[in-house]
Amino acid sequence: MGSSSYRPYLLLLVSILCISGRCGASASAVPAKIGKGYRLISIEETPYGGLLGHLQVKQKNNVYGADIPHLQIYVKHETNDRLRVHITDAEKQRWEVPYDLLPRERPPPAKQAIGRSRKNLLTASEYEGSELIFSYTTDPFGFAVRRKSTGETLFNTTADHSDKYGNMLFKDQYLEISTKLPEDASLYGLGENTQPHGIKLYPGDPYTLYTTDISAINLNADLYGSHPVYMDLRNKGGKAYAHSVLLLNSNGMDVFYKGSSLTYKVIGGVFDFYFFGGPTPLAVVDQYTSLVGRPAPMPYWSLGFHQCRWGYHNLSVVEDVVENYKKAKIPLDVIWTDDDHMDGHKDFTLNPVNFPRPKLLEFLNKIHDLGMKYIVINDPGIGVNESYGVYQRGMANDVFIKHDGEPFLAQVWPGAVYFPDFLNPKTVAWWGDEIRRFHELVPIDGLWIDMNEPSNFCNGKCTIPKDKVCPSGTGPGWICCLDCKNITSTRWDDPPYKINASGIGAPIGYKTIVTSAVHYNGVLEYDAHSLYGFSEAIATHKALQGLEGKRPFILSRSTFVGSGKYAAHWTGDNKGTWDDIKYSISTMLNFGIFGVPMVGSDICGFYPAPTEELCNRWIELGAFYPFSRDHANFYSPRQELYQWDSVAKSAQNALGMRYKLLPYLYTLNYEAHISGAPIARPLFFSFPTFTKCYGVSTQFLLGSSVLVSPVLDKGKTKVNALFPPGTWYSLFDLKDTIVSDDGDYRSLDAPLHVINVHVYQNTILPMQQGGLISKEARMTPFTLIVTFPAGVTEGHADGKLYLDDDELPEMSLGNGYSTYVDFHATVENKTVKVWSEVMEGKYALQKRWIVEDVKILGLNGIGESFHLEVGGNSVSDVSNVELIASEQRIYTDKLEDGGDTRKSMMIEVQGLDLPIGKNFAMSWKMGVHG
């Protein structure tokens, strides 16, 4: 569900505010360069590691408020490849992202620094670590971060007269700092937003970070999540180096990227910079998630296909949807309901008429027996209703956010609501108890936490009207019916600097909690606003894990730095348009960089009605999102994949391949959990030196080697796809081989029901036979796809497979319920060898998983003299094993001039019965090419 698509009064409100002089960042009289910055008075090494320094403002000014006169700077190489630079008020404690929400090292207390701050400066102006070097200038103060191995400057805040930005500013409600950048750097990240220019940050585009419930159709605007991190990829002399910069700050901010510089303008908190040295994109994400939290392990079924709709009015409709997917032979693992199952839109309730509990339990028993799952929505707003038990218990435990000493009143779908304060430990306990109570009522398999920016249909301070019913039950449910008045009297509701909220300079309290509201321990909503969805996800994760000790599944609309440790994400309210299908790829890839790899968009669009052709193309793409779900709006026509015969055919094809790839996707889920590696990745993750791919936003990789090239334009039956250098094999027809010697674009046939998916050379891809439910697909025999460069005489390939009991909360080896396999293959001296190295094989043996088929691609000869070992023992009887050779079709960039005559064979080894849980080795001689 989403309210953000329907905001008819936003532009009117902002226009009124602009006329009254309250719109925008401030008056045009504000100079581009404010003040003269700070000077470094002292700096010293600390006994616990790092540097501790004291800064003093050079010349006070009152633009956006008074300068904070004394600052403390703390610098530390926290790991070999992570540098922290923390700058705060030297005399008073300031708001920071809470250390219990995002655990990390604490800098020294500020007041401790003041008493020791008058010591002489260090003679050296550099602080060297293993990979990064911190250096500084004293007057005006500036700092730089360099890469040790190359000497290249990654970040430099020192401003000179020629720069269009000034020195560092630090006021109570306005912080500004800038860095120089090389023009040829490729930057990615800074979200959540919908980027019309693709995945690369585009000079001049606005990047505002402040969690906001506006539709994802709004371009270059602050959307549901706040991720103040970017990755910087540079290519120098054919060598690629990546690093990443995080400003850990939850306050609203504008980030201005000009190509040669980047400027942060933040309305509170501190400068808490983390620099991650890379030098590869994968290493950067590994280092980033080692700080903010490794992505959550996902249950196996969550990688199946999901169907949802706002408007499944009763249980019979839901039952029909499940049955129709089965009849259409389209895979389906999870059925969802929006708030249709609720009694009066109230959390943790059931509608006794439309979703009677006995019949719902009967339905859930049926689908659970099949291996299917059921997930429901949950919004944070708790209906103000004296007869509502959830509300009663919340009031008794004092769990709600306050304003003027009373729970802050807002309006969402139930009508008048209070918002739980998830920074309060009592709220976390109460929330967990409510989830437990609801789970006893309905055995749900996960929770979808929506509207948690948080969203509010009203503005300002509100009361419940006494002379009318609110809501009336007629008309759109998102129209405010409370009696409200705007609050602009505090500096928190009307800060001196206006970020570009909602993409149009709206007040920061617009359609959310007023920013002068108060959380636990006096924390202001002004500071904690963008943490709301993150803190709710943490509380929800704790609650679900505590129910039965199972691995939780949570889908959250609002996210922050570290949300991936607890939740998956979908990209919110999109539109059924050709533009939106394109935008979905960039947003998905960005969230992989943000450490939230389980991500996808509403397939076919949330609203309005998609065309049949668009829905065909969208399920072909969406089948390869990490999180794959069709979801539609209450007011849109039905768009389940079986509604059109043509879409059903595309779904059978694309989802059929997804379900064969589930073991690969699940292994990527494991890699994400242990190293942060995104499931869906930009091409430059695997090909960082191939500069042609730096801006590619219409294709992506699953893992390191599966390339997805969808059709994204109306009426097209071909796709122009970029193939980095090497050999690529079509997953839908393994004989189709593309050889891209230098890396180039190819025009590929893509009729309506076809999506092009290719696997790269040097890969071993574990696949199964698929099915309509992941539970049944998971128990089918394995096939290994082994890919060498076309016509290879010497080469190698590798792959991996992770298997476990996906109900266990942790995803790890050594517990007796998991197995990990490394696969290897070589071609040398006319001998082909394929073998496995198994860790913790017991679980796979118990499940009786086997490899029955191995397909080796790219060979230059047929096979003979087959030899097989299992568990270290030679298998003498291989009479059931058959080697079948077939010639592959090679498409190269040299065929037209007759310059490439190489031949390539596929050898299929059939009739195998190899236990996954035991080491195996097979080999044969390559005979002469026929």
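Described in the following lines is the structure provided in the data block. (Residues numbered from 1 in each chain as written. Predicted model: local features only at pLDDT ≥ 70, side-chain atom pairs only at ≥ 80, totals over all residues. Heavy atoms only, no water.)

**Regarding the sheet that holds strand β8 (residues 153-156)**
Argument step 1. Across the sheet, four strands lie side by side as β5-β6-β7-β8; this open sheet has antiparallel pairing. Looking along the sheet, the strands with just one partner apiece sit at the ends: β5 (126-128) and β8. Within the sheet, the average angular offset between the axes of one strand and its neighbour, ignoring direction, is 15 degrees.
Argument step 2. In this sheet, strand β7 (residues 141-147) lies alongside strand β6 (residues 132-138) in antiparallel orientation, the contact comprising seven bridges. Looking at β7, one finds that I133 is bridged to R146. (Pairing = 2+ DSSP bridges. Helix = DSSP H or I, 4+ residues; strand = E, 2+ residues; numbered from the N terminus. Axes fitted to C-alpha atoms, helices over the stretch in contact; angles between N-to-C directions.)

**Description of the side chain of R658**
Argument step 1. Examined against the element boundaries, R658 turns out to sit in helix α12 (residues 645-660).
Argument step 2. One buried charge, R658, has no salt-bridge partner; the nearest side chain with opposite charge is D333, at 8.2 Å.
Argument step 3. One polar contact links the side chain of R658 to the main-chain carbonyl oxygen of Y625, over a distance of 2.6 Å.
Argument step 4. Within the structure, R658 has its side chain in polar contact with the backbone oxygen of P626 (distance 2.8 Å).
Argument step 5. Contacts of R658, omitting those with residues within four sequence positions, involve L303, G304, G622, A623, F624, Y625, P626, F627, S628 and L665. (Buried < 20%, exposed > 50% of the residue type's maximum accessible area, 1.4 Å probe, protein only. Lys, Arg positive; Asp, Glu negative; His and termini not counted. Salt bridge = Lys/Arg side-chain N within 4 Å of Asp/Glu carboxyl O. Polar contact = N/O pair within 3.5 Å; in protein donor to acceptor, adjacent residues only side chain to side chain. Contact = heavy atoms within 4.5 Å.)

**Section: the environment of L765**
Argument step 1. Mapped onto the elements of the fold, L765 is located in strand β42 (residues 763-767).
Argument step 2. In the structure, L765 is positioned 59 residues away from V706 in sequence and 9.1 Å away in space, judged by C-alpha atoms.
Argument step 3. In this structure, L765 is in contact with L661, Y664, V706, L731, V759, T783, L784 and I785, ignoring residues within four places of it in sequence.

**Regarding the side chain of D163**
Argument step 1. Position of D163 relative to the elements: it lies in the loop between β8 and β9 (169-170).
Argument step 2. Taking relative accessible area as the criterion, D163 reaches 14% and is therefore assigned buried.
Argument step 3. Setting aside anything within four residues of it in sequence, one finds D163 in contact with K33, T158 and K180.

**Some thoughts on the packing of helix α11 (residues 612-622) against α12**
Working note: a packed helix pair is described by the angle between its axes plus the distance between those axes.
Argument step 1. As a packed pair, α11 and α12 sit with axes 8 Å apart at the nearest point and diverge in direction by 5 degrees. When the axis of α11 is compared with that of α12, the two are roughly parallel. Residues E612, C615, N616, I619, E620 and G622 of α11 form the contact with α12, whose own contacting residues are S646, V647, S650, A651, A654, L655 and R658.
Argument step 2. Taken together, the residues of the contact of α11 with α12 break down into six nonpolar, four polar and three charged. (Parallel < 35°, antiparallel > 145°, perpendicular 65-115°, else oblique. Nonpolar A, V, L, I, M, F, W, Y, C, P; charged D, E, K, R; others polar.)

**A closer look at the pattern of salt bridges**
Argument step 1. On inspection of all chains with the given rule, the structure shows 43 salt bridges.
Argument step 2. Among the ionic pairs, K58 bridges to D139, the shortest N-O distance being 2.6 Å. Of this pair, K58 sits in the loop between β2 (51-57) and β3 (70-79) while D139 sits in the loop between β6 and β7, placing them 81 residues apart in sequence.
Argument step 3. Judged by its relative accessible area of 44%, D139 falls in the partly exposed class.
Argument step 4. Between K148 and E128 there is a salt bridge, and its shortest N-O distance comes to 2.9 Å. Of this pair, K148 sits in the loop between β7 and β8 while E128 is found in strand β5, placing the two residues 20 residues apart along the sequence.
Argument step 5. Owing to a relative accessible area of 48%, E128 belongs among the partly exposed residues under this scheme.

**Some words on the packing of aromatic side chains**
Argument step 1. Within this structure, the stated rule accounts for 60 aromatic pairs.
Argument step 2. Ring centres of W448 and W570 lie 5.6 Å apart, and the angle between their planes is 80 degrees; this geometry places the pair in the edge-to-face category. Linking W448 in strand β26 (residues 446-449) with W570 in strand β30 (residues 568-570), this pair joins segments that are 122 residues apart in sequence.
Argument step 3. According to the relative accessible area criterion, W570 is buried, its value standing at 1%.
Argument step 4. Every member of this aromatic cluster is reached through a ring pair, and the members are F134, Y136, F141, F143, F155, F170, Y264, F271, F273 and F275.
Argument step 5. One Lys or Arg, R778, reaches over the ring of Y666 and ends 5.4 Å from the middle of that ring. (Phe/Tyr/Trp six-rings, centres within 6.5 Å; stacked < 30°, edge-to-face > 60°. Lys NZ or Arg CZ within 6 Å of the ring centre and 35° of its normal.)

**Points about the environment of T490**
Argument step 1. Along the polypeptide, T490 turns up in the loop between β28 (483-485) and α8 (525-528).
Argument step 2. A sequence separation of 25 residues divides T490 from T515, and the C-alpha atoms of the two residues are 9.1 Å apart.

**Quick look at the pairing of strand β4 (residues 82-89)**
Argument step 1. Counting buried residues along β4, eight of its eight residues qualify, which places the element largely inside the surrounding structure.
Argument step 2. Inspection of the sheet shows β3 paired to β4 by eight bridges, in the antiparallel sense. If you follow Y74 over to β4, its bridge partner there is H86.
Argument step 3. Following β3, the chain reverses through two residues before pairing antiparallel with β4.

**Details of helix α13 (residues 662-675)**
Argument step 1. Relative to the 20 Å expected for 14 residues at 1.5 Å per residue, α13 spans 20 Å between its end C-alpha atoms, a close match to the ideal helical length.
Argument step 2. The buried fraction of α13 is high, at 12 of 14 residues.
Argument step 3. Among the residues of α13, those classed as buried are L662, P663, Y664, L665, Y666, T667, L668, N669, Y670, E671, A672 and H673.
Argument step 4. Trailing α13 by a residue or two, G676 shows a phi angle of about 80 degrees, which is positive. (Expected span 1.5 Å × (residues − 1).)

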